[in-house]
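Next come the chains, spelled out residue by residue.
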Amino acid sequence: MNIDNSDSPFGDIIFTFTRAQAVADGVQIEVTATAQEAGIRFPVFLTRAVYDAYVIVPPKVSGQDEAGRLWDILWLLRFAILRAKPGQDRLPVAVYVRNDYRRAKLVELIATCGPLDIDDPQPALTVMLPDED
């Protein structure tokens, strides 16, 4: 994407990576349809790390499916949104996930709200691991 930024005090933009590119490359996974079923009005994306670790069911783990694990994350995201304070830009989302035959573990995720894409300012949510940006 070519952006004219000659008036920027930071100089020319060297590289941009749009959300559309992130989805096309598999870096982010769009889960908007399921999020809408959970009552979330904005587009929602999960990072690949969240999707791989907490939506995909690990081998040999029984009694779970991807749809249910995704629903758990989005349902708890909805409640994090309802509890959010005005102006809060990083929402903690806690969900119990079982990735083995032991007890489920509490996993902390972060949800952020930002523009849908570089050329589309409508709000969108991204759910990520706490150490992701």
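These notes cover the structure that comes with them.

## So, the sheet that holds strand 5 (residues 120-128)
- Spatially, the 5 strands line up as an open sheet ordered 1-2-5-4-3, and their pairing is mixed. The sheet is open, and its two edges are formed by strand 1 (28-30) and strand 3 (90-97), each paired on a single side. Across the sheet, the axes of successive neighbouring strands diverge by a mean angle of 30 degrees, strand direction being ignored.
- One ladder, built from 7 bridges, connects strand 4 (residues 105-117) with strand 5; its direction is antiparallel.

## Digging into the packing of helix 3 (residues 48-55) against helix 4 (residues 66-83)
- Where helix 3 contacts helix 4, the axes come no closer than 10 Å and their chain directions differ by 120 degrees. Here helix 4 runs oblique to helix 3, going by the angle between their axes. As helix 3 packs across helix 4, the resulting crossing turns out to be right-handed. Facing helix 3, whose interface residues are Val50, Tyr51, Ala53, Tyr54 and Val55, helix 4 presents Glu66, Arg69, Leu70 and Ile73.
- Per-class residue counts for the contact of helix 3 with helix 4 are 7 nonpolar, no polar and 2 charged.

## What to know about the pairing of strand 3
- On strand 3, burial follows the alternation: Leu91, Val93, Val95 and Val97 on one face are buried, whereas Arg90, Pro92, Ala94 and Tyr96 on the facing-out side are not.
- In this structure, strand 3 lies alongside strand 4, joined through 8 bridges in antiparallel fashion. In the sheet register, Val95 faces strand 4, and the bridge partner there is Val107.

## Let's talk about the nonpolar core
- The biggest cluster of nonpolar side chains holds 26 residues, and the ones touching the most others in it are Val44, Leu46, Ile73, Leu77, Leu109 and Val127.
- Counting residues per element, the ones that place at least two in this core are strand 2 (44-47), helix 3, helix 4, strand 3, strand 4 and strand 5.
- If one sorts the elements of this core by residue count, helix 4 sits on top with 5 residues.
- Sequence-distant contacts of Ile73, that is, excluding residues within four places in its chain, are made with Leu46, Val50, Tyr54, Val55, Val93, Val95, Leu109 and Val127.

## Focus on a nonpolar patch on the surface
- A cluster of nonpolar side chains, contributed by Trp75, Leu76, Phe79 and Leu82, occupies part of the molecular surface with about 350 Å² of accessible area.
- Inspection of the secondary structure assignment puts Phe79 in helix 4.

## A few points about the packing of aromatic side chains
- Considering all chains together, one arrives at 2 aromatic pairs under this definition.
- Their ring planes at 15 degrees and their centres at 5.6 Å tell us that Trp71 and Trp75 sit as a pair that is stacked. A residue pair is termed a helical-turn pair when its members lie 3 or 4 positions apart in one helix, as Trp71 and Trp75 do in helix 4 at 4 residues.
- Residue Trp75 is classed as partly exposed on the basis of its relative accessible area of 34%.
- Consider the rings of Trp75 and Phe79, whose centres lie 5.2 Å apart with planes at 75 degrees: the pair is edge-to-face. With Trp75 and Phe79 both in helix 4 and 4 residues apart, this pair spans about one turn of that helix.

Reading the values: rules and limits
Residues numbered from 1 in each chain as written. Predicted model: local features only at pLDDT ≥ 70, side-chain atom pairs only at ≥ 80, totals over all residues. Heavy atoms only, no water. Pairing = 2+ DSSP bridges. Helix = DSSP H or I, 4+ residues; strand = E, 2+ residues; numbered from the N terminus. Axes fitted to C-alpha atoms, helices over the stretch in contact; angles between N-to-C directions. Parallel < 35°, antiparallel > 145°, perpendicular 65-115°, else oblique. Left-handed = near helix turned anticlockwise from the far one by under 90°. Contact = heavy atoms within 4.5 Å. Nonpolar A, V, L, I, M, F, W, Y, C, P; charged D, E, K, R; others polar. Buried < 20%, exposed > 50% of the residue type's maximum accessible area, 1.4 Å probe, protein only. Core = buried A, V, L, I, M, F, W, Y, C linked by side-chain atoms within 4.5 Å. Patch = residues over 30% accessible without salt bridge, like charges linked within 9 Å, V, L, I, M, F, W, Y side chains within 5 Å. Areas by Shrake-Rupley, 256 points an atom, 1.4 Å probe, with all protein chains shown as cover. Salt bridge = Lys/Arg side-chain N within 4 Å of Asp/Glu carboxyl O. Phe/Tyr/Trp six-rings, centres within 6.5 Å; stacked < 30°, edge-to-face > 60°.

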